[in-house]
Amino acid sequence: MHETMVAESLLATISDEARKQNAKPVSAKISCGMLNAVNDKVLCFAFDAIAKGTSCEGIRLEIEHKLMQGQCKKCNERFDFKLNCPKCPKCDNEEFDLLPDAPLLLEQIEFEME
Amino acid sequence: MSRKIDVGKRILSANERYALKNSQLLGEQKKLCLNMISSPGSGKTTILARTIRDVKDKIKIGVIEGDIQTDLDAERIKATEAPVVQIETGGSCHLSAAQVSGALEKLPVGDLDLIFIENVGNLVCPSAFELGESGKIVVLSATEGDDKPVKYPAIFAKSKVLLINKIDLLEAGAQVDFDVERVRADARKLNKGIEIFPISAQTGEGMNRWYDWLAESTKNLQGD
Ligand SMILES: Nc1nc2c(ncn2[C@@H]2O[C@H](COP(=O)(O)OP(=O)(O)O)[C@@H](O)[C@H]2O)c(=O)[nH]1
Ligand SMILES: [Mg+2]
Ligand SMILES: [Zn+2]
């Protein structure tokens, strides 16, 4: 699955930061939208496998999935988009814009203190 | 004790760099590039071969064929005499922008109006990898079930066009249970602007509206 490629980019980015900080990473927070097709277990498995023997071996990944957002055309309310109930929760209007999906982001790295 | 550092960096950036390069190259030369995505067997290659033959006097088409292991699809495109470059992904479930960048170098891009990319058969992974294309085309065939937009929303949300293929199987008396209107409604909920063309790549039914869309899209791009 394509999680391997995500894991590779992730490993490269975290290793880079670790070098800059001159510290050992213990965990990393990632966030992504609904449309990125990232499976948590597959990503963690792939990451563990390629991180063996690197400064990132054994670090914990936390993955947050962000729902897609809709914005009501009538009252401007922003809300979590649900396919089975696609309307504004505030005014019931069915006319809304679907906002762009959240990108795949490396949000935060936690490092060991000396 | 530990300390936390906020990073806020986008992942997938290696792929995005190549995607940007591809889209710049295509943009400079004003070439339309469409990334075709579906499950295996929905009819991508059949649609491409028929489209190339039917519009060849109007639109010059080249094809990038992604296939996991074989060059069978590339051979089918070659038979139409359109230029084709094959990418064997060797097991990977999607094409990457780097692979497409290499393929674009081998195609006679300057002589073409339109480049199709046939992605690896898969509704999930290819949708997450931008290739630098002008737009995505999702193909759903009548035998796959009308619940697919609900189950795989990403690709329907991101596509410019939905081709509902194999509608010849829905003629009266057929044994296929597939509600075109349901697919249309669900896809529109995810993506208001999506163009939807029910077609049969086998009989040619409905293909003219698709060809008109292609002609208009290439003209719009080259005109401005
Ligand atoms: N009945 C019918 N069969 C089709 C149609 N389009 C493609 N097929 C058949 O579906 C099978 C898979 O087609 P192919 O183009 O190889 O699908 P791909 O894997 O998406 O490239 C082939 O046996 C085609 O002949 C269609 O419109 N109607
Ligand atoms: Mg094919
Ligand atoms: Zn509202």
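Residues numbered from 1 in each chain as written. Chains lettered and ligands numbered in written order. Predicted model: local features only at pLDDT ≥ 70, side-chain atom pairs only at ≥ 80, totals over all residues. Heavy atoms only, no water.

Caption draft 1: How the structure looks around the overall build of chain A. For chain A, the helix and strand inventory stands at two helices and six strands. Relative to the compact-globule value of 13 Å for 114 residues, chain A shows a C-alpha radius of gyration of 18 Å, a clear excess of over 25%. Expressed as lengths along the three principal axes of its C-alpha atoms, the size of chain A is roughly 55 × 30 × 15 Å. Every one of the 114 residues in chain A was classed for burial, and the buried ones make up 43%. For chain A, long-range pairs separated by at least 24 residues make up 70% of all intrachain contacts whose partners lie at least 6 apart in sequence. Element-wise, carbon and sulfur atoms account for 49% of the exposed surface of chain A, whose accessible area totals about 6,200 Å². Taking the average location of the 14 positive side-chain charges in chain A and that of its 20 negative ones, the two points are 4 Å from each other. (Helix = DSSP H or I, 4+ residues; strand = E, 2+ residues; numbered from the N terminus. Rg over C-alpha atoms; globule rule 2.2 N^0.38 Å. Buried < 20%, exposed > 50% of the residue type's maximum accessible area, 1.4 Å probe, protein only. Contact = heavy atoms within 4.5 Å. Areas by Shrake-Rupley, 256 points an atom, 1.4 Å probe, with all protein chains shown as cover. Lys, Arg positive; Asp, Glu negative; His and termini not counted. Charge placed at Lys NZ, Arg CZ, Asp CG, Glu CD.)

Caption draft 2: Seen up close, the interface of chain B and chain A. The partner chain A presents 32 residues to the 31 residues of chain B that form the contact. Note on chain B versus chain A: buried area summed over both sides is about 2,900 Å², and carbon and sulfur give 66% of it. Area buried by chain B at its contact with chain A is led by B:Arg3, B:Lys9 and B:Ile11, which between them contribute 24% of it. The interface formed by chain B and chain A holds one salt bridge in total. A salt bridge links B:Lys9 to A:Glu17; the nearest nitrogen and oxygen atoms lie 3.5 Å apart. The set of elements that each furnish at least two residues to the side of chain B that touches chain A consists of β1 (2-10), α5 (148-151), α6 (153-158) and α7 (180-190) of chain B. Considering every element that reaches the side of chain B that touches chain A, the biggest residue donor is β1(B), with nine residues. Residues that form the side of chain B that touches chain A fall into these classes: 16 nonpolar, six polar and nine charged. Relative to β1(B), strand β6 (residues 105-112) of chain A runs antiparallel, the two being bridged by seven bridges. Residue pairing across strands places A:Ile109 opposite B:Ile5, the latter belonging to β1(B). (Buried area = accessible area lost by both parts, 1.4 Å probe. Salt bridge = Lys/Arg side-chain N within 4 Å of Asp/Glu carboxyl O. Nonpolar A, V, L, I, M, F, W, Y, C, P; charged D, E, K, R; others polar. Pairing = 2+ DSSP bridges.)

Caption draft 3: The arrangement of the coordination of the magnesium ion (ligand 2) in detail. All names here are of chain B. At 2.1 Å from the magnesium ion (ligand 2) lie its protein donor atoms, namely Thr 45 (OG1), Asp 73 (OD) and Glu 118 (OE). In the primary structure, the donors to the magnesium ion (ligand 2) are separated according to the pattern T-x27-D-x44-E. Placement of Asp 73 in helix α3 (residues 72-78) and of Glu 118 in strand β5 (residues 114-118) is noted, with a sequence separation of 45 residues between them. (Donors = N, O, S within 2.8 Å, 3.2 Å for Na, K, Ca; no water.)

Caption draft 4: Here's a closer look at the coordination of the zinc ion (ligand 3). All names here are of chain A. Coordination of the zinc ion (ligand 3) by the protein involves Cys 72 (SG), Cys 75 (SG), Cys 88 (SG) and Cys 91 (SG), with metal-donor separations of 2.3 to 2.4 Å. Metal-centred angles of 103 to 119° between the four donor atoms at the zinc ion (ligand 3) mark the site as tetrahedral. Within one chain, the residues donating to the zinc ion (ligand 3) are spaced in sequence as C-x2-C-x12-C-x2-C. One end of the pair, Cys 72, is in strand β3 (residues 69-72); the other, Cys 88, is in the loop between β4 (78-80) and β5 (96-98), and 16 residues separate them in sequence. (Tetrahedral: all angles 85-135°; square planar, octahedral: opposite > 155°, others 65-115°.)

Caption draft 5: Layout of the site of ligand 1. Residues and elements named next belong to chain B. Within the structure, ligand 1 sits among 17 residues, and Gly 41, Lys 44, Thr 45, Thr 46 and Asp 168 are positioned closest to it. Taking Asp 168, its side chain carries an N or O atom lying 2.7 Å from a nitrogen atom of ligand 1. Measuring from an oxygen atom of ligand 1, one finds a side-chain N or O atom of Ser 200 at 3.3 Å. Protein chains shield 75% of the accessible area of ligand 1, which is 590 Å² for the free molecule. The element best represented in the shell around ligand 1 is helix α2 (residues 44-55), accounting for three residues. Among the residues forming the shell around ligand 1, the class breakdown is three nonpolar, nine polar and five charged. (Near = heavy atom within 4 Å. Polar contact = N/O pair within 3.5 Å; in protein donor to acceptor, adjacent residues only side chain to side chain.)

Caption draft 6: Focus on the packing of aromatic side chains. Residue and element names in this part refer to chain B. Summed over all chains, the structure comprises four aromatic pairs over all chains. Between Phe 116 and Trp 210 the ring centres are 6.1 Å apart and the planes differ by 40°, which places this aromatic pair in the tilted class. Residue Phe 116 is located in strand β5, and its partner Trp 210 is located in helix α8 (residues 207-223); the two are separated by 94 residues in the primary sequence. Assigned by exposure class, Phe 116 and Trp 210 land together as buried. (Phe/Tyr/Trp six-rings, centres within 6.5 Å; stacked < 30°, edge-to-face > 60°.)

Caption draft 7: Representation of the pattern of salt bridges within the structure. Residues and elements named next belong to chain A. Under the criterion given, the structure shown has 19 salt bridges over all chains. Glu 107 is the salt-bridge partner of Lys 66, the closest N and O atoms lying 3.6 Å from each other. Here the residue Lys 66 occupies a position in the loop between β2 (60-65) and β3, and Glu 107 occupies one in strand β6, the gap between them amounting to 41 residues. Given a relative accessible area of 30%, Lys 66 falls into the partly exposed group.

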